[in-house]
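Report on the structure
Single-letter residue listing:
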Amino acid sequence: MTAPVPLPIWLNGRILPAGGAYVDTADRGFLLGDGVFETMRVAGGQVRHLDRHMNRLAQGAAAIMLPPPDRTAITAGIAALLDACGVETGSLRLTCTRGVGPRGLLPPAQVTPTVLLTAASGLPPATPVRLVTASHRRDAASILSRIKSLNYLPSILARMEAAEQGADDAVLLNHAGFVAETSASTLVACLGGQLVTPPVSDGALPGTARGVLVDAGIVREGRISPAQLRMATAAFTLNSLSVRQVVAWDGIAIPRRPALLATLRAACQG
């Protein structure tokens, strides 16, 4: 079987072959996780909800005192990369680090960010999800719970824990014991006939798909306890790439609601 040809990338304003692009080994994103990123869905050769992604990236960059990339340059870079790759359906990842710095934690006085765009063809399968509860807790008071930083180790550990238990993903509770989100997705539960998602104050990342649903009045924010989640008449995970039906949590079956699933997909992916 022939291996797929690596797609070109966009790095600091230039389209380069994947094998000919390099990030400095002194880059703070590589060494310290010092940066932010966005994963965006591509449909019909266009990025969906680009303004929401760029707004969140700018907010995340401001939160860690990092100059955000120029939107005009990023928009041009996206168009150039999609044209070079020929991706019609898939995803783009925009990564922005603080760039090269000296050893130690303190960044240089003059920062030159590293900005990278990569593309992938196709989307992950939107198959049903079986969840377990992660053993460690989400720190809702941490700034990292509210931005898409490169510090993703807690989510990585949660996903590894889920895999060890034969599940697809893990639910992260905060230190007060309330639901925050899954390792890389917003959680939505049908409670009392309403679609509810945890508030940002409980450790939920302000996801772009989540924002679309809340702004449309389809989903409301509300605190969710584990006891409430066990009684949910439906549950879903969603992010910019997919909306998936939750069919079990910690071995407890959750009813499937195909009509609700279709409604959420239409709203998020339209």
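Refer to the structure presented above.
Summary of the structure given here. Residue numbers run consecutively from 1 along every chain, following the written order of its sequence. pLDDT decides what is reported in this predicted model: residues at 70 or higher carry local features, side-chain atom pairs at 80 or more are listed and counted, and totals for whole chains, interfaces and linings draw on all residues regardless. As a rule here, side-chain values come from all non-hydrogen atoms in the structure, and water together with hydrogens is ignored.

Looking at a nonpolar patch on the surface
Stated formally: Exposure above 30% relative accessible area and the absence of a salt bridge qualify a residue for a patch, where like charges join within 9 Å and nonpolar side chains (Val, Leu, Ile, Met, Phe, Trp, Tyr) within 5 Å. Surface exposure here means Shrake-Rupley accessible area, sampled with a 1.4 Å probe, where a residue is shielded only by the protein chains that are shown. Within this document, salt bridges are pairs made up of a side-chain nitrogen of Lys or Arg and a carboxyl oxygen of Asp or Glu, the two lying within 4 Å of each other. Secondary structure counts use DSSP, requiring at least four H or I residues in a row for a helix and at least two E residues in a row for a strand, with both numbered from the N terminus.
A contiguous nonpolar surface patch, about 460 Å² in accessible area, is contributed by Phe30, Leu31, Leu32 and Leu105. Relative to the assigned elements, Leu31 resides in helix α1 (residues 28-32).

Overview of the packing of helix α5 (residues 208-215) against helix α7 (residues 258-269)
The cut-off we apply is this: Axis angles are defined between N-to-C directions and span 0 to 180 degrees, where every axis is a line fitted to C-alpha atoms and, for a helix, only to the segment in contact. Here is the rule for angles: anything less than 35 degrees is roughly parallel, anything more than 145 is roughly antiparallel, 65 through 115 is roughly perpendicular, and the remaining ranges are oblique. Here, two residues are considered to be in contact whenever any of their heavy atoms come within 4.5 Å of each other. Each residue is assigned to one class: nonpolar for Ala, Val, Leu, Ile, Met, Phe, Trp, Tyr, Cys and Pro, charged for Asp, Glu, Lys and Arg, and polar for all the others, Gly among them.
The geometry of α5 relative to α7 is characterised by a closest axis approach of 9 Å and an angle of 105 degrees between their N-to-C directions. With respect to their mutual orientation, α5 and α7 come out roughly perpendicular. Along its contact with α5, which presents Ala209, Val212 and Leu213, the element α7 presents Leu264, Ala267 and Cys268. Residues that form the contact of α5 with α7 fall into these classes: 6 nonpolar, no polar and no charged.

Regarding the pairing of strand β13 (residues 234-238)
Selection criterion: With a 1.4 Å probe rolled over the protein chains alone, any residue whose accessible area is under 20% of its type maximum counts as buried; one over 50% counts as exposed, and the rest are partly exposed. Between any two strands, pairing holds if DSSP finds at least two bridges.
Burial of β13 is extensive: 5 of the 5 residues sit out of reach of the surface. Along β13, one buried face is formed by Ala234, Phe236 and Leu238 and the opposite face, lined by Ala235 and Thr237, is buried too. By the bridge criterion, 5 bridges tie strand β10 (residues 186-191) to β13 in an arrangement that is antiparallel. Residue Leu187 lies in a different strand from β13, and its bridge partner there is Thr237. Between β13 and strand β14 (residues 243-249), which pair antiparallel one after the other, the connecting turn spans 4 residues.

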